[in-house]
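# Results of the structural survey
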Amino acid sequence: MLYYKIFSHSVSKEWVVFIHGAGGSSAVWFKQLKDFREKYNLLLIDLRGHGKSADLPQQIYNEEYTFTGVTNDVIEVLDHLNIPPAHFMGVSLGTIIVRQLAELEKWRVKSLVLAGAVTRLTVQSRILVTLGSTFKRVIPYMWLYRLFAFVILPRKQHAESRNLFVQEAQKLCQKEFIRWFQLTKDINPLLNYFKESDLGIPTLYVMGDQDVMFLEPVKKIIKTHKSSVLNILKKCGHVVNVERPDEFNKLSLAFIQNQHI
């Protein structure tokens with residue numbers, strides 16, 4: 001089973017589940033813990049091969065990775081802990097996983113908060129994917145990962161986010177990087193389906209105005225998904241919860257609290 005960590009609340013019955021992105025770990029949510037622990041029970045999960053989930057049984061590693069398989073890992077943890085319907089937060093590629101979870105088992109999801117959401121691969125991101133696919137077996141994966149991190153988070157104020165993801169990615173191995181990278185072939189068909197499928201679940205997108213890879217597609221998707229809202233943080237890049245934690249926490253907590261009302 002995936003590694004998970006729980007922060008229990010003495011009174012609240014509400015849960016918030018945090019899912020990180022590719023190459024990261026639950027450590028990416030460290031700036032959310034203090035504010036969210038004051039109001040909710042928290043569940044943080046390390047995805048397969050990431051963080052402290054690097055020692056999963058060999059039979060899992062031998063399977064071809066799919067978004068459904070990776071999402072079912074998360075569902076297994078939810079079942080094991082008997083987590084009731086909860087609010088789910090994802091960042092970067094983690095937004096695809098929580099969206100897939102909502103597609104598979106909608107009853108589990110009270111609301112979605114999607115930080116630096118990936119809703120479509122732009123021309124720039126498709127070039128990156130092609131580059132990575134071409135060289136993933138011959139170039140050390142950290143070279144590629146550092147390149148990806150710099151392209152997605154290029155500015156000086158993105159350095160903390162960039163360094164955090166690079167630091168966590170160093171816990172992967174070349175084979176694990178390749179397994180996850182092979183998921184990219186499934187991204188566009190899945191994202192196209194998500195675009196057409198409006199589940200009606202209250203969804204908050206929090207994006208940075210400097211997120212040149214992923215902001216514009218989100219602007220388009222909220223025009224047709226009536227239960228979705230978008231907040232754009234100024235002078236902010238892709239990993240909004242790390243770059244602007246105070247604003248991100250305030251927006252996210254207000255959104256979740258509004259669902260109770």
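It should be noted that the structure appears before, not after, this text.
What this report covers is the structure whose coordinates are included nearby. Here the structure is a predicted model, which is why all the values come from computation and not from measurement.

## A short note on the packing of aromatic side chains
Counting across every chain of the model gives 2 aromatic pairs. Note that Arg48 overlies the ring of Tyr65, its terminal NZ or CZ placed 4.5 Å from the centroid.

## Thoughts on the pairing of strand β6 (residues 203-208)
Counted residue by residue, β6 has 6 buried out of 6 residues, so it is predominantly covered. Burial along β6 is two-sided: Thr203, Tyr205 and Met207 facing one way and Leu204, Val206 and Gly208 facing the other are all buried. Two strands pair when backbone bridges link them, and strand β5 (residues 109-115) and β6 are joined in this way by 4 bridges, in the parallel orientation. Note on β6: the bridge partner recorded for Leu112 is Thr203. Once you follow β6 into helix α10 (residues 215-221) and on to strand β7 (residues 228-233), the crossover reads as right-handed.

## Re the sheet that holds strand β4 (residues 86-91)
With mixed pairing, the 7 strands of this open sheet are ordered in space as β1-β3-β2-β4-β5-β6-β7. Every interior strand has two partners, whereas the edge strands, β1 (4-7) and β7, have only one. The average angle at which neighbouring strand axes cross in this sheet is 15°, direction not considered. Pairing between strand β2 (residues 15-19) and strand β3 (residues 41-45): 5 bridges, direction parallel. If you follow Trp15 over to β3, its bridge partner there is Asn41. Most of the contacts of helix α4 (residues 93-104) go to β4, to which it runs at about 150°, and overall it touches β2, β4 and β5. Against the sheet, helix α12 (residues 245-260) makes contact with β2, β4, β5, β6 and β7, and its axis sits at roughly 165° relative to β5, the strand it touches most.

## As for empty space enclosed by the protein
Under the criterion given, the structure shown has 4 cavities of 30 Å³ or more. Looking at the second largest cavity, its volume works out to about 100 Å³. Contributing to the lining of the second largest cavity are 13 residues, with Arg99, Val118, Thr119, Phe194 and Tyr205 lying nearest its centre. Those elements that place two or more of their residues in the lining of the second largest cavity are α4 and α9 (184-196).

## Details of the pattern of salt bridges
For the structure shown, the criterion picks out 8 salt bridges. Of the charged contacts, one joins Glu14 and Lys110 as a salt bridge, the two residues approaching to 2.8 Å between their closest N and O atoms. Of this pair, Glu14 sits in the loop between β1 and β2 while Lys110 sits in strand β5, and the two are 96 residues apart along the sequence. Overall, the relative accessible area of 18% leaves Glu14 in the buried class. Linking Glu105 and Arg108 is a salt bridge whose minimum nitrogen-to-oxygen distance equals 2.3 Å.

Rules used in this analysis
- Within each chain, residues carry numbers counting from 1 in the order of the written sequence.
- In view of the model being predicted, local features appear only for residues whose pLDDT reaches at least 70, and side-chain atom pairs are presented and counted only at 80 or more, with totals across whole chains, interfaces and linings using the full set of residues.
- The basis for every side-chain value is the complete set of non-hydrogen atoms in the structure, without hydrogens or water.
- Stacked, edge-to-face and tilted are the three classes for Phe, Tyr and Trp ring pairs, Trp counted by its six-membered ring, which pair at centre distances within 6.5 Å; planes under 30 degrees apart are stacked, over 60 edge-to-face, the rest tilted.
- The rule for a charge over a ring is simple: NZ of Lys or CZ of Arg within 6 Å of the ring centre, and within 35 degrees of the ring normal.
- Think of it in three bands: with a 1.4 Å probe and only protein chains considered, a residue is buried below 20% of the maximum accessible area for its type, exposed above 50%, and partly exposed in between.
- Put simply, DSSP H or I for four residues or longer makes a helix, DSSP E for two residues or longer makes a strand, and each gets a number counted from the N terminus.
- Whether two strands pair depends on DSSP finding at least two bridges between them.
- Look down the strands so they point away from you; if the path from the first strand over the helix to the second goes clockwise, the crossover is right-handed.
- Working convention: axes come from line fits to C-alpha atoms, limited for helices to the stretch in contact. Angles between N-to-C directions cover 0 to 180 degrees.
- Any pair of residues with heavy atoms lying within 4.5 Å of one another is described as a contacting pair.
- In the cavity and pocket records, a cavity denotes points on a 1 Å grid over the protein atoms alone where a 1.4 Å probe fits but cannot get out, a pocket denotes an open set with protein on both sides within 12 Å along at least 5 of 7 lines, and lining residues are residues with an atom within 4 Å of a point.
- Grid points are joined across faces, edges and corners, and a volume is the space filled by probe spheres set on the points.
- Put simply, a salt bridge is a Lys or Arg side-chain nitrogen that is within 4 Å of an Asp or Glu carboxyl oxygen.

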